[in-house]
Amino acid sequence: MTLRGCFITLEGLDGAGKSTHANWMAGWLREAGIDLLETREPGGTPLGEQLRELVLHQAMDLRTETLLMFAARNEHWNTRIRPALERGQWVLCDRYTDASFAYQGGGRELGAPAIRVLEDWVQQGQGPDCTFLFDVPLETARARLQQGRAAADRFEQEGAAFFERTRQAYHARVADDPARFRLIDARRSIPDIREHLASALRDLLKTHGGDAAQSATRGGA
Ligand code: TMP
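The text that follows walks through the structure, step by step, so that each part is easy to find.

Cut-offs and rules
- Residues numbered from 1 in each chain as written.
- Predicted model: local features only at pLDDT ≥ 70, side-chain atom pairs only at ≥ 80, totals over all residues.
- Heavy atoms only, no water.
- Helix = DSSP H or I, 4+ residues; strand = E, 2+ residues; numbered from the N terminus.
- Rg over C-alpha atoms; globule rule 2.2 N^0.38 Å.
- Buried < 20%, exposed > 50% of the residue type's maximum accessible area, 1.4 Å probe, protein only.
- Contact = heavy atoms within 4.5 Å.
- Areas by Shrake-Rupley, 256 points an atom, 1.4 Å probe, with all protein chains shown as cover.
- Lys, Arg positive; Asp, Glu negative; His and termini not counted.
- Charge placed at Lys NZ, Arg CZ, Asp CG, Glu CD.
- 1 Å grid on protein atoms, 1.4 Å probe; cavity = no way out; pocket = protein on both sides within 12 Å on 5 of 7 lines; lining within 4 Å.
- Points joined across faces, edges and corners; volume = space filled by probe spheres on them.
- Nonpolar A, V, L, I, M, F, W, Y, C, P; charged D, E, K, R; others polar.

### Details of the overall build of the chain
Scanning the chain from terminus to terminus reveals nine helices and five strands. Reading the helices (α) and strands (β) of the chain from amino to carboxyl end gives β-α-β-α-α-β-α-α-β-α-α-β-α-α. Here the C-alpha radius of gyration of the chain, 17 Å, is about what a compact globule of 221 residues would show, namely 17 Å. With the C-alpha coordinates aligned to their principal axes, the bounding extent of the chain is approximately 50 × 40 × 30 Å. Within the span of the chain, comprising 221 residues, buried residues form 50% of the whole. Counting contacts in the chain only where the partners sit at least 6 residues apart, residues at least 24 apart contribute 78% of the total. Element-wise, carbon and sulfur atoms account for 49% of the exposed surface of the chain, whose accessible area totals about 10400 Å². Each charge class in the chain was averaged separately, 28 positive and 31 negative side chains, and the resulting centres sit 2 Å apart.

Written as structure tokens, this is what we have:
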């Protein structure tokens, strides 16, 4: 069956402000008449949410961690994301496989080839239509993280070198597939970022949206 909906993913370092923008983008798309599934990784299914608890809090070998990310993703893709796209719903997913390339491949230094094998096995050539990468320098991400949370998870506890490698790996993903990515300078003001996001979403409506596209492009941001 063909995938009629548009699959959008959001990526960035912890502390890049991604979740705030995710909520705003979901509201914008719904106002534009889009039937939207909003979800996240790791997680997105009952099993995936259980795996999320494990990978965020339980010490484990790097390959185990990577396999669990993809186990959760396989469940998510097959039971929620793919069926939604087939029905014509759009999907807005907070993190996806680029996070495995960035965090396990880059941050934890597993390298891209192992991730690519799992990506091919689980996704069989299918992936996001558009990925927004919220990019901030390390110091900004870390300062925001320190303001935010109560107890840091296994990733948030990592040091500067880990996050620098993670950020570099995200940039390598953009270089490999520039047409799919929208790079957002997440140091800019929230109104500036929203303007940029709205313009990118309007472009997606033009290419994927049908009736909804026409009313949204008339309506502005
Ligand atoms: P979140 O706080 O944005 O929901 O993400 C949870 C953490 O999981 C975040 O630190 C990044 C990490 N992660 C990976 O390491 N690999 C992955 O494939 C995914 C999806 C997330």
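There is more to say after this.
### A few points about the layout of surface pockets
The gaps left among the atoms become clear once a water-sized probe is rolled over them. Of the volumes computed, that of the second largest pocket is approximately 220 Å³. Taken together, 15 residues make up the lining of the second largest pocket; nearest its centre are Glu119, Gln123, Arg173, Asp177 and Arg180. Looking at the lining of the second largest pocket, the elements that each hand over two or more residues are helix 4 (97-107), helix 5 (112-123) and helix 7 (160-176). The biggest single contributor to the lining of the second largest pocket is helix 5, with four residues. Residues belonging to the lining of the second largest pocket are distributed by class as follows: two nonpolar, five polar and eight charged.

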